[in-house]
Amino acid sequence: MFFQPLFWIYLLFLFLIFIFLTNRVSFHPPCGWGEVFWTFSWCSSFLLVQTSLSVIYLRNWDFTWSDLFSLSSSSLIFLSLVALWVVWMAVDHGLWKFIRLQPVQVKKIKTIKLQTNPKFMPPFGYLKKFGIANQLYQPQVVEYELKLEGWPKEWSGLTIVQVSDLHYGKFFPAAYYDGIIRQIKQLKPDLFAFTGDLINSKKDAPAMKGLLKGFKAPLGVYAVLGNHDMSAGPEVLTGVLTRKGIRVLDNEVVYHQRKGKVLAIMGAAELWYGNRDRSAILNSKADAKVFLAHHPDHYFLGKKSGAHLQISGHTHGGQIRFPFLGPLIVPSTAGRKYAQGFYREKNTVLFVTNGIGCYPPLRTLCRPEIVKLVLKPA
């Protein structure tokens, strides 16, 4: 059985279905459920169900073609359903990529490697023996020029620096971030946007007083909270950020005006645990709209609100990526569709950054990044 190609094809199909369900269900706890418990419970359940069904329906099959049609009708139906599920996933992804998605007018201007404290050596160093480099402490600034449909010329050249997923804590302490933060401040955009998961636990919140002090920009410094921020204690973190001049947006909108044209900076509450009143965002009136949301899964709201641009984090770019395959684990109800980069639907461009921190402490083919966006009309 183990030497039969059909056996390995079948295992591959089960694995693809497992990843599909894990991304869409296991990483999305309903309000009141702990993330770790929810994720472990559902992943275990999927594996148990897959194993049980395989034993029930395929225990008498040696995975040869000659023996395939001697299986019972129920076993053949089960195999057909597994195959159809995989085919459906492939067709769905193809329709999304080639029909739903529209081209994005974006150009990479430059990439700057940030200087980091040399005392920080990434864990899992032994992976180098297998040709796998842990890029955990190799952050970079990537600058893009992005042209947006309907973007007013009065706001042409607006610059945004996005910082996401710091995950301040054990593997990313103040000694690591101090120098990086100084370099980020030197980018001097029109506005700074922190898109969530600044900390991992409640005890880390006070450190933000020193770490994020001194951020200034002509249009302000804004933040939205992520799932880790919410589980760590949103009130404490919000208080610390506010006292340091960072405006935390909780389904709120801030307006700016230039030459008679209004810019709306919209910020989403955390998707799983936060405020559900989205009326301020949906009813916003402006000539240019930028939407900050921790989760790419807030894309439904970005499109519904008429945002020209949504910037998000949360996925860490997939974090552990493979050549040709890309990432396997992407915590999004859309699966791997919005793992990293630029996407456009209904004239709303979504950008998902790799972020700068992560957990577990391993990054491959997915360098941590801070992003500077220069917005112009298409």
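What this report covers is the structure whose coordinates are included nearby.

1. Brief notes about the packing of helix 2 (residues 35–58) against helix 4 (residues 73–100)
- One way to put it is that helix 2 packs onto helix 4 with a least axis distance of 9 Å and a crossing angle of 140 degrees. By the angle between their directions, the pair helix 2 and helix 4 is classed as oblique. Contacts between helix 2 and helix 4 involve L53, S54, Y57 and L58 from the former and S74, S75, F78 and L79 from the latter.
- Class assignment of the residues belonging to the contact of helix 2 with helix 4 gives a composition of five nonpolar, three polar and no charged.

2. Some points on the environment of L16
- Within the secondary structure layout, L16 lies in helix 1 (residues 5–26).
- A sequence separation of 283 residues divides L16 from Y299, and the C-alpha atoms of the two residues are 24 Å apart.
- Those residues in contact with L16 that sit more than four places away from it in its chain are V86 and M89.

3. Here we look at the state of the cysteines
- The tally for this structure, following the rule as stated, stands at zero disulfides.
- In this structure C358 is not part of a disulfide, and its nearest cysteine sulfur, from C366, lies 8.5 Å away.

4. Describing the side chain of D190
- Within the fold, D190 resides in the loop between helix 5 (174–185) and strand 4 (191–195).
- One buried charged side chain, D190, makes no salt bridge at all; its nearest oppositely charged neighbour is R258, positioned 4.8 Å away.
- Reaching out from D190, the side chain makes a polar contact with the backbone nitrogen of T159 at a distance of 2.8 Å.
- Here D190 is in contact with G157, L158, T159, A217, P218, L219 and G220, once residues within four sequence places are set aside.

Procedures and definitions
Residues numbered from 1 in each chain as written. Predicted model: local features only at pLDDT ≥ 70, side-chain atom pairs only at ≥ 80, totals over all residues. Heavy atoms only, no water. Axes fitted to C-alpha atoms, helices over the stretch in contact; angles between N-to-C directions. Helix = DSSP H or I, 4+ residues; strand = E, 2+ residues; numbered from the N terminus. Parallel < 35°, antiparallel > 145°, perpendicular 65-115°, else oblique. Contact = heavy atoms within 4.5 Å. Nonpolar A, V, L, I, M, F, W, Y, C, P; charged D, E, K, R; others polar. Disulfide = S-S within 2.5 Å. Buried < 20%, exposed > 50% of the residue type's maximum accessible area, 1.4 Å probe, protein only. Lys, Arg positive; Asp, Glu negative; His and termini not counted. Salt bridge = Lys/Arg side-chain N within 4 Å of Asp/Glu carboxyl O. Polar contact = N/O pair within 3.5 Å; in protein donor to acceptor, adjacent residues only side chain to side chain.

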